[in-house]
Protein chains: 2
Amino acid sequence: MHSVRFTAETSSNGVLERDFIVGEVPGVLWSPVSGSDHAPLVLMGHGGGLHKKAPELMARAHENVTTWGFTVAAIDAPGHGDRPRTAEDEQVRADLRQAMLAGETERVESISVHYGISLAERAVPEWQATLDALQKLPEIGTEAPIGYGGGITLGTAIGIPLTAIEPRITAAIFGGGFFVHEALIEAARRITVPIQFLLPWDDEHVDRQSTLALFDAFASTEKTLHANPGDHRNIRWYGLDHGFLARHLGRVGTSPA
Amino acid sequence: MHSVRFTAETSSNGVLERDFIVGEVPGVLWSPVSGSDHAPLVLMGHGGGLHKKAPELMARAHENVTTWGFTVAAIDAPGHGDRPRTAEDEQVRADLRQAMLAGETERVESISVHYGISLAERAVPEWQATLDALQKLPEIGTEAPIGYGGGITLGTAIGIPLTAIEPRITAAIFGGGFFVHEALIEAARRITVPIQFLLPWDDEHVDRQSTLALFDAFASTEKTLHANPGDHRNIRWYGLDHGFLARHLGRVGTSPA
């Protein structure tokens with residue numbers, strides 16, 4: 001079993017940022033400078049083509065640390081960020097670019113779906129190994145409640161199969177903006193933990209009904225769908241329930257700092 | 001033009017409750033005991049078969065008064081609460097009961113839609129006359145920002161056509177749980193103010209797609225769909241944005257007391 005190897009450390013605005021590696025997977029851990037023993041741990045997935053320190057992810061991570069005192073972890077998905085791309089990664093990206101330029105929407109969807117499945121098959125065990133290693137850190141341990149902090153698109157395409165097989169995750173934020181396929185629907189049917197699902201109402205390429213079917217599939221008795229107008233690339237969220245993870249990760253009764 | 005005639009007054013938990021009549025329409029006004037000069041005014045509609053002091057409506061009204069300092073007004077819809085039923089009201093109720101007992105779902109929907117249209121045609125001018133009269137009260141006046149506080153089912157079937165033609169309403173909460181018809185979709189297309197829309201995800205009788213089409217129809221650039229599992233009769237809402245009206249009725253920056 002791999003351990004967490006810290007490679008860099010910095011801090012700003014009360015947030016400690018530590019880069020790490022588990023096996024060959026690079027990640028980053030954000031936590032309060034003032035310490036965070038056994039605070040809830042939130043796993044965040046980045047969007048397709050992005051990486052563990054994408055600005056939008058960083059902003060959400062900082063908010064989770066400064067508002068709720070959570071620890072937040074993110075890792076690069078296979079072929080993303082600081083990770084090497086395999087021949088398959090390169091081929092898929094070339095095919096996808098070509099299909100998009102040619103306006104072949106069905107081929108774009110088919111390639112995206114297959115690549116998403118391939119990425120999730122590789123990323124899920126990587127998240128589990130990362131979680132194993134993080135739980136060996138004394139400040140996290142096995143007592144820290146764990147949530148998946150999601151993010152839309154690829155973060156959800158990986159997060160759903162991860163949450164479906166990972167009993168340590170007890171609440172999850174997911175979202176739309178990617179092509180939904182049958183294996184994801186089936187994984188959603190196995191998920192029973194509380195879910196917050198963010199739907200960009202006017203996604204340019206993704207059929208809205210397929211995403212609504214995904215929300216419908218979650219077996220969770222407690223789930224919330226939140227939709228605002230816009231495409232996942234330009235959406236502005238408002239009226240969001242920012243206390244969702246805090247309520248479900250055992251910070252009931254706490255309020256924003 | 002009618003005036004507000006107060007008929008009874010009581011108070012509990014810091015909330016002043018005043019029954020009133022405008023013309024032949026009985027209503028109730030809730031406001032802080034400590035006074036509420038020109039505070040935002042929230043209009044609340046009750047559900048089908050219910051009345052202006054239904055428990056769920058009362059609870060929301062009290063929350064609006066005590067948390068945000070709003071004034072809240074509710075009136076009985078035609079044929080509801082303290083109002084006499086016309087021969088049409090009695091006939092429709094008898095027809096509806098019969099169709100439900102016989103399990104004639106299409107006839108239930110047809111009767112409900114036509115009755116909803118009839119109620120809205122009568123209720124919209126009543127709400128406007130009530131608003132005219134309330135604005136003549138010195139503690140409200142024409143300065144108080146006005147929102148529609150909705151409620152699902154009938155409160156929305158009346159609130160949508162009201163908001164579509166009433167420029168004094170600058171934000172509205174609507175919700176599902178009733179049969180959507182084309183005239184409502186057309187009214188929604190004329191609405192541009194910020195909307196919060198509450199969807200019971202598993203309504204027993206109402207087609208989910210028709211309600212999603214209604215949300216889609218609002219021309220508002222700012223609109224939020226919020227769905228939780230359940231039928232409108234037994235739904236438990238959570239993760240709601242309770243500050244929606246406060247933000248849009250000019251109480252920006254205020255926080256719950």
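This is a predicted model, so every value here is computed, not measured.

Caption draft 1: Examining the overall build of chain A more closely. When its secondary structure is counted, chain A shows seven helices and nine strands. Relative to the 2.2 N^0.38 estimate, which gives 18 Å for 257 residues, the radius of gyration of chain A is 18 Å and therefore close to what a compact globule would have. Seen along its three principal axes, the alpha-carbon backbone of chain A occupies a region of about 50 × 40 × 30 Å. Counting the 257 residues in chain A, one finds 58% classified as buried. When contacts within chain A are restricted to residue pairs at least 6 apart in sequence, long-range pairs at least 24 apart make up 66% of them.

Caption draft 2: Structural view of the pattern of salt bridges. Residues and elements named next belong to chain A. Tallied over the entire structure, the rule returns 39 salt bridges over all chains. With its nearest N and O atoms 3.0 Å apart, the salt bridge here joins Arg 107 to Glu 104. A residue is classified by how much of its surface remains accessible, and Arg 107, at 33% relative accessible area, is partly exposed. Residue Glu 104 is classed as partly exposed on the basis of its relative accessible area, which comes to 36%. Here Asp 202 makes a salt bridge to Arg 208, at a shortest N to O gap of 3.6 Å. In this structure, a network of salt bridges that share partners links the residues Glu 17, Asp 19 and Lys 53.

Caption draft 3: Representation of the pairing of strand 3 (residues 25-32) of chain A in the model. Residue and element names in this part refer to chain A. Most of strand 3 is tucked away, with eight of its eight residues classed as buried. Count of turn residues in the strand 2 (residues 15-22)/strand 3 antiparallel hairpin: two residues, of which Gly 23 carries a positive phi of about 65 degrees. In the sheet, strand 3 pairs with strand 5 (residues 71-75) via four bridges, with the strands oriented antiparallel. By the bridge assignment for strand 5, Trp 30 is matched with Val 72.

Caption draft 4: Fine view of the interface of chain B and chain A. In this complex, chain B contributes 20 residues to the contact, which on the side of chain A involves 20 residues. Overall, the association of chain B and chain A removes approximately 1700 Å² of surface from exposure, summing both partners, and the carbon and sulfur fraction of that is 52%. Ranking the residues of chain B by area buried against chain A places Trp201(B), Leu225(B) and Tyr238(B) at the top, with a combined share of 28%. Counting every contact that joins chain B to chain A gives four salt bridges.

Caption draft 5: A look at the packing of aromatic side chains. Residue and element names in this part refer to chain B. Considering all chains together, one arrives at 14 aromatic pairs over all chains under this definition. Between Trp 68 and Phe 70 the ring centres are 6.5 Å apart and the planes differ by 20 degrees, which places this aromatic pair in the stacked class. Between Phe 197 and Phe 218, the aromatic rings sit 6.1 Å apart at their centres with planes inclined by 55 degrees, giving tilted as the arrangement. Placement of Phe 197 in strand 8 (residues 195-200) and of Phe 218 in the loop between helix 6 (208-217) and strand 9 (223-228) is noted, with a sequence separation of 21 residues between them.

Caption draft 6: The arrangement of the pairing of strand 6 (residues 146-150) of chain A in detail. Residues and elements named next belong to chain A. Within strand 6, five of the five residues are buried, which leaves it mostly tucked inside the rest of the structure. Going residue by residue along strand 6, you find Ile 146, Tyr 148 and Gly 150 tucked away on one face and Gly 147 and Gly 149 tucked away on the opposite face as well. In this structure, strand 4 (residues 41-44) lies alongside strand 6, joined through four bridges in parallel fashion. Bridge pairing links Val 42 to Gly 147 in strand 6. Note: strand 6 against strand 7 (residues 169-175), two bridges, orientation parallel. When the sheet's bridge partners are listed, Ile 146 is paired in strand 7 with Ile 169.

Quick notes on the rules
- Residues numbered from 1 in each chain as written.
- Chains lettered and ligands numbered in written order.
- Predicted model: local features only at pLDDT ≥ 70, side-chain atom pairs only at ≥ 80, totals over all residues.
- Heavy atoms only, no water.
- Helix = DSSP H or I, 4+ residues; strand = E, 2+ residues; numbered from the N terminus.
- Rg over C-alpha atoms; globule rule 2.2 N^0.38 Å.
- Buried < 20%, exposed > 50% of the residue type's maximum accessible area, 1.4 Å probe, protein only.
- Contact = heavy atoms within 4.5 Å.
- Salt bridge = Lys/Arg side-chain N within 4 Å of Asp/Glu carboxyl O.
- Pairing = 2+ DSSP bridges.
- Buried area = accessible area lost by both parts, 1.4 Å probe.
- Phe/Tyr/Trp six-rings, centres within 6.5 Å; stacked < 30°, edge-to-face > 60°.

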